[in-house]
Amino acid sequence: MTIIRPQIFMSYARHDAGFVYGIRADLINSGLECWIDDTHIQTGDRLNPVIEDAISRSSLVLAYVTKNYLQSPWCMKEFRHALETPGTTVAPYVDSQETLSKVPADLKNEVLFGVLTPDSRTRLLAELTGRAWASLQTVQRVVPSDDHILAGPAIFDSAGYSRLDLMKRANKELILAGPNLRSWMSDAESKRGLVALVKERHIRVTLILATYETLRAVSPEGAIHLRESVKDIQKIFNLLDDAEKELISAHFHIGASTLSAVIIDPDTQEGILFFSPRWAIQFLPQDRMTCVIDKTINSEALFKSIYNGVLLMTQGDAKNVQEMLASSWHANG
């Protein structure tokens, strides 16, 4: 039987070759395959195709990051190319905390750096061996992150992030999703703002809420809040003429019971998305942790993945306002 072994690509600066070759020998003795460039020949503006191919065939890239490494444009190109290579796990280790402080912020946001020193060598070799075998089962990263995601328990109370601030920011579209949207619908100024978005600025507004059937067994209080929001949404509709009603829609979907999101102008580069992770609602209900993804500073891929998930709530099995008003649960609640 043929055993598939992980191949480790070793990325290092030439001046650090002595230490790296010692690590390589230990890894080979542990039954791993290691690819190492002992020529350091580079020409032109792109990586040597041989190196690119070796990275793509490696399940794990071990980068030994030192001052020399950070000062080498080719080493940094290797590192960034490895991060962008599907199916490859990147395991960077710095030689000191001082070096770590000099690593570019976007790389520290992208991947966790360890510290590999002569004193920690034995322990980290065992860790590396385990990571190498685990990398055979690692799929490519789904979402790269260019910066930290803004998060906090009181985002909507912060300057520039209040409900009214968000409505001012919207230029084309506003999507609100949640079990009952009571924080929006119970506030008179917010309701007037939603009407103004449609009547005065002709901005598309989409409301996505849960259904009574969803909330009946989960939260009687939630169903009461939802019932009041349904009435408020109908009042908003009553203030609009037929043409304006084409710009606003309300969908009631079972999936919205686990969702809390606000999306502004998703089809533009200025789009911004707010969402409350389900774990935060369950474990920190008093804080209502909210995360913010801004296309101008964060991962657009993550923005799209959440946005597309919200759109699932508008599919054909969602109910409309009239169906909610006519339901027996509403009439008897």
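A brief structural summary. (Residues numbered from 1 in each chain as written. Predicted model: local features only at pLDDT ≥ 70, side-chain atom pairs only at ≥ 80, totals over all residues. Heavy atoms only, no water.)

1. Regarding the pattern of salt bridges
Oppositely charged side chains may form a pair once their charged atoms are brought near each other.
Working step 1: In total, this model carries ten salt bridges according to the counting rule given.
Working step 2: Close ionic contact of Arg121 with Asp26 constitutes a salt bridge, the shortest N to O distance being 2.6 Å. Of the two residues, Arg121 is situated in helix H7 (residues 121-135) and Asp26 in helix H1 (residues 17-29); the sequence distance between them amounts to 95 residues.
Working step 3: Here Arg121 falls in the partly exposed class, since its relative accessible area comes to 22%.
Working step 4: Each member of the salt-bridge network shares a partner with another, and the members are Arg182, Lys191 and Asp232. (Salt bridge = Lys/Arg side-chain N within 4 Å of Asp/Glu carboxyl O. Helix = DSSP H or I, 4+ residues; strand = E, 2+ residues; numbered from the N terminus. Buried < 20%, exposed > 50% of the residue type's maximum accessible area, 1.4 Å probe, protein only.)

2. Digging into the sheet that holds strand E1 (residues 7-11)
Working step 1: Read across the open sheet, the five strands follow the order E2-E1-E3-E4-E5; overall the sheet is parallel. In the strand order of this sheet, the two ends are held by strand E2 (33-36) and strand E5 (114-115), each with one partner.
Working step 2: Looking at chain direction, strand E4 (residues 89-94) and E5 are connected through two bridges and run parallel. Across the sheet, Tyr93 pairs through a bridge with Gly114, a residue of E5. (Pairing = 2+ DSSP bridges.)

3. Some points on the pairing of strand E11 (residues 272-275)
Working step 1: Both faces of E11 are covered, namely the face carrying Ile272 and Phe274 and the face carrying Leu273 and Phe275.
Working step 2: Relative to E11, strand E10 (residues 261-264) runs antiparallel, the two sharing four bridges. Across the sheet, Ile263 pairs through a bridge with Leu273, a residue of E11.
Working step 3: Looking at chain direction, E11 and strand E12 (residues 290-294) are connected through four bridges and run antiparallel. In the sheet register, Phe274 faces E12, and the bridge partner there is Val292.

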